[in-house]
Amino acid sequence: MQPLLDAFSLGGTYALAALGLGLVFGVLKLVNFAHAELITISAYIMVITNDLPLVISFILAAFTATVLAIITELAVYRRLRGTGPAIMLIASFGLSVGLQKSYELIFGALPRSAAVAPWMTGSVEIAGLNVTISSLVTVALTVLILLAMGYLVDFTTLGLQLRAASSDFKTARLLGVRSNRLITSSFAISGLLAAFVGFIIVVENPQVEPMFGLNITILALVGIVIGGISSLRGCALGGFIVGFILSILNTFLGNARVYAYSYLFLAVVIILLVRPGGILSKQNEMERV
Amino acid sequence: MTLLTVENLYSGYGKVDVLFGISLSISAGKSLGIVGPNGVGKSTLLKTIAGEITPKSGSISLLGETISGRKPEDIVRMGLSLVPEGRQIFSGLSVTENLMLGLTGRKDKASSKVALDQIRELFPVLNSHATHQAGMLSGGQQQQLAIARALLSNPKVLLLDEPSLGLAPTVIIDVFEKLKEIIANKTAVIIVEQRAHLVTTFADETVVIRDGQIQASLTPSDAKNEEMLRKAYFGTGS
């Protein structure tokens, strides 16, 4: 049961990371590499404030990641909007590296560590089986967040505007959708999602260094490609699949786990051969012409 | 009462100039047709008025307030709505969701429900497809949805870019019948069309654009004069 729970837990975490990336991509058609640094900063804040109550510590982390996401939008991306996708992409690389170096200056190059929510590393017995609390909490938390995101996207005005803008931003603006407000909201939500991801990872791995969020962000990017970059559901599903497969491979490959990424990317290649646009790609939407 | 005034408008894309000194105006409950061959700047004119393109010079005012250079999302709130070429409905969203998006630019949110009911009355076909994916509607139904969606922002001026594009002749008649009802409700309507005869017959006034400039102005009675139409449209009678 534990390997399966771990797989769901890692899948859920990657789904949240992929969703954060997918939200920004939807409205701006930008792969925001600096998303990794939002995860990193929230983990740093959790470690630095670990002597505070967990809720307060998380609120501080979430606030910092959200504000940083908004600042990156206002200070960098908004100014470059309309310059073309290549420049925006390079800017996101630059921003990512710039933030990593800033963290190095502020927090040092060596890992900062402190036990965040140590009670979560314990285990409990359920139906005669021992499972770690962190896996249970992660699964419960990701399910709750994904449900909340599903509600936001499907049943709120903001969600409707997000779906419309990710389909055709120009027309959405003609109907009155405020572009700046929508894009800033997307960055804010992606910052909040990054904070949840940072929290989940730092509980398991409390060694935070400037490139802490990079690995999960790159794999989440792979996830949004296989899930279908044009659909938020696809992004979350793709992220989940990558995390799930990776966890299962790490568990069952034993000494051969060094090849886990090779098998993962083999699975990605197979998925893309079958569904080139991603599993939930909008290319598959029915349209009468 | 003049709702929209365009004066000496110059516009284009980057270094490419498309419109050269366009001036026109329209009053409440009137219709204005804009015709001309492909690539003369008809759509550019509508996009510039709606805020998609920033004009190079000249002025555009709506109800006496300058709108040139403003964002499209602000202009729709001021009372001007564009139905873009190709309808541009959100095919992956339901008909109702498309209509809900039309309410985004509405200033008076309190009357949204009443407005939705009125629109459903005006376009009953949308009622029976409310939960359907908009991409599954026929071309004519999609055009009606695009017009209905634009009307939900309660525009004083409605711009339509090629509303007959890709539609069967009988469906075109239906769409233009709806436009008559909209004009009767005191909305000013500007229609860009390739079908010169259709729009000249329909609109109170039709201007012909060639080479980015207004070359002629026609009335419905001119629609009967084929030679005159051809000359105005192509710049030659032969």
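This structure is a prediction, so every number in the text was calculated from the model and none was measured. Per chain, the residues get numbers from 1 upward, laid out in the order the sequence is written. Note on labels: chains are lettered from A, ligands numbered from 1, in written order. Thresholds applied to this predicted model are a pLDDT of at least 70 for local features of residues and 80 or more for the giving and counting of side-chain atom pairs; totals over whole chains, interfaces and linings are not thresholded and use all residues.

**Looking at the overall build of chain B**
This is how it is decided: Only DSSP runs of H or I reaching four residues or more are called helices, and only runs of E reaching two or more are called strands; each is numbered from the N terminus. We compute the radius of gyration from the C-alpha atoms alone; for a globule the expected value is 2.2 Å times N to the 0.38, where N is the number of residues. Partly exposed residues are those whose C-beta has more than 12 but fewer than 20 other C-beta atoms within 10 Å; with 20 or more the residue is buried, with 12 or fewer it is exposed, and the C-beta atoms are placed from the backbone. The contact criterion used here is simple: two residues whose C-beta atoms, placed from the backbone, lie within 7 Å are in contact.
Within chain B one finds nine helices and 10 strands. For 238 residues, the compact-globule estimate of 2.2 N^0.38 gives 18 Å, and chain B sits close to it at 17 Å. Projected onto its principal axes, the C-alpha positions of chain B cover 50 × 40 × 35 Å. Looking at the 238 residues of chain B, the share that counts as buried comes to 45%. Sequence-distant contacts, at least 24 apart, represent 67% of the contacts inside chain B between residues at least 6 apart.

**Quick look at the overall build of chain A**
Along its length, chain A carries 11 helices and four strands. Expressed as lengths along the three principal axes of its C-alpha atoms, the size of chain A is roughly 55 × 45 × 35 Å. Residues classed as buried in chain A amount to 47% of the 289 residues present. A fraction of 73% describes how many contacts in chain A between residues 6 or more apart in sequence connect residues 24 or more apart.

**Topic: the sheet that holds strand 2 (residues 16-27) of chain B**
All names here are of chain B. Inclusion rule: For two strands to be treated as a pair, DSSP must find no fewer than two bridges joining them. Angles run from 0 to 180 degrees between N-to-C directions of axes, and those axes are lines fitted to C-alpha atoms, restricted for helices to the stretch in contact.
Reading across the sheet, the four strands line up as 2-1-4-5 and stay open at both edges, with antiparallel pairing between neighbours. Whereas interior strands pair on both sides, the edge strands pair on one side only; in this sheet they are strand 2 and strand 5 (65-66). One ladder, built from two bridges, connects strand 4 (residues 57-62) with strand 5; its direction is antiparallel. Residue pairing in the sheet places Ser61 in a bridge with Thr66 of strand 5. Of the strands in this sheet, strand 1 (2-13), strand 2 and strand 4 touch helix 1 (residues 42-50), which is tilted by about 70° from strand 2.

**A look at the sheet that holds strand 3 (residues 31-35) of chain B**
All names here are of chain B. An order of 6-7-8-3-9-10 is seen for the six strands of this open sheet, with the pairing classed as mixed. Sheet topology places strand 6 (80-83) and strand 10 (213-218) at the edges, where each strand pairs with a single neighbour. If you compare each strand with its neighbour and ignore which way they point, the axes differ by 20° on average. Of the strand pairs in this sheet, strand 6 and strand 7 (residues 157-161) are connected by four bridges, and their pairing is parallel. Counted as the bridge partner of Ser81 is Leu158 from strand 7. Contacts from helix 9 (residues 226-234) reach strand 3, strand 9 (205-210) and strand 10, with the element oriented near 165° to strand 10.

**Some points on the pairing of strand 2 of chain B**
Judged from the nine bridges that link them, strand 1 of chain B and strand 2 of chain B form a sheet pairing that is antiparallel. The residue bridging Leu4(B) from the neighbouring strand is Ile26(B), located in strand 2 of chain B.

**What to know about the environment of Val242(A)**
All names here are of chain A. Note that Val242 resides in helix 10 (residues 232-252). On the neighbour-count criterion, Val242 (30 C-beta atoms within 10 Å) is buried. The spacing of Val242 and Ile87 is 155 residues in sequence and 29 Å in space, taken between C-alpha atoms. For Val242, the residues in contact, after removing those within four places along its chain, are Tyr14, Leu219, Val222, Gly223 and Leu264.

**Here we look at the interface of chain A and chain B**
For interface size, the figure often reported is the accessible area lost on association. Which entries qualify depends on this criterion: Throughout, the ten residues Ala, Val, Leu, Ile, Met, Phe, Trp, Tyr, Cys and Pro are labelled nonpolar, Asp, Glu, Lys and Arg are labelled charged, and all others, Gly among them, are labelled polar.
Counting residues at the interface gives 20 residues for chain A and 26 residues for chain B. Elements supplying a minimum of two residues to the side of chain A that touches chain B: helix 6 (157-167) and helix 7 (169-174) of chain A. Top element by residues in the side of chain A that touches chain B is helix 6 of chain A. It accounts for five residues. Among the residues forming the side of chain A that touches chain B, the class breakdown is six nonpolar, five polar and nine charged.

**Things to note about the environment of Gly11(A)**
Here Gly11(A) lies in helix 1 (residues 2-28). Setting aside anything within four residues of it in sequence, one finds Gly11(A) in contact with Phe240(A), Gly243(A), Phe244(A) and Ser247(A).

**A few points about the environment of Ser94(B)**
All names here are of chain B. Along the chain, Ser94 turns up in the loop between strand 6 and helix 3 (95-102). Note: C-alpha distance between Ser94 and Asn127 (33 residues apart in sequence) is 12 Å. Setting aside anything within four residues of it in sequence, one finds Ser94 in contact with Thr131, His132, Gln133 and Ala134.

**Regarding the confidence of the model for chain B**
The predicted coordinates should not be examined in detail at positions where pLDDT is low. As a reminder, the rule being used: Per residue, pLDDT captures the predictor's confidence, and it can take any value from 0 to 100.
Summarising the model, chain B shows a mean pLDDT of 92, and 99% of its residues fall at 70 or more. Interface confidence for the predicted complex, given as ipTM, is 0.91, next to a pTM of 0.89.

**With respect to helix 6 of chain A**
Among the 11 residues that make up helix 6 of chain A, eight are buried, leaving the element largely enclosed by the rest of the structure. For helix 6 of chain A, the full list of buried residues reads Leu160(A), Gln161(A), Leu162(A), Arg163(A), Ala164(A), Ala165(A), Ser166(A) and Ser167(A). Where helix 6 of chain A is buried, its residues meet helix 1, helix 5 (133-155), helix 7 and helix 8 (179-204) of chain A together with helix 3 of chain B.

**Describing the nonpolar core**
Short version of the rule: Nonpolar cores are built from buried Ala, Val, Leu, Ile, Met, Phe, Trp, Tyr and Cys residues. These are joined into a set through C-beta atoms within 7 Å.
Core analysis: the largest hydrophobic core is formed by 153 residues, its most contacted members being Tyr14(A), Ala18(A), Leu19(A), Leu21(A), Val197(A), Val157(B) and Leu159(B). Beyond its immediate stretch of four places on either side in the chain, Leu159(B) contacts Leu46(B), Ile49(B), Ala50(B), Ser81(B), Leu82(B), Val83(B) and Ile190(B).

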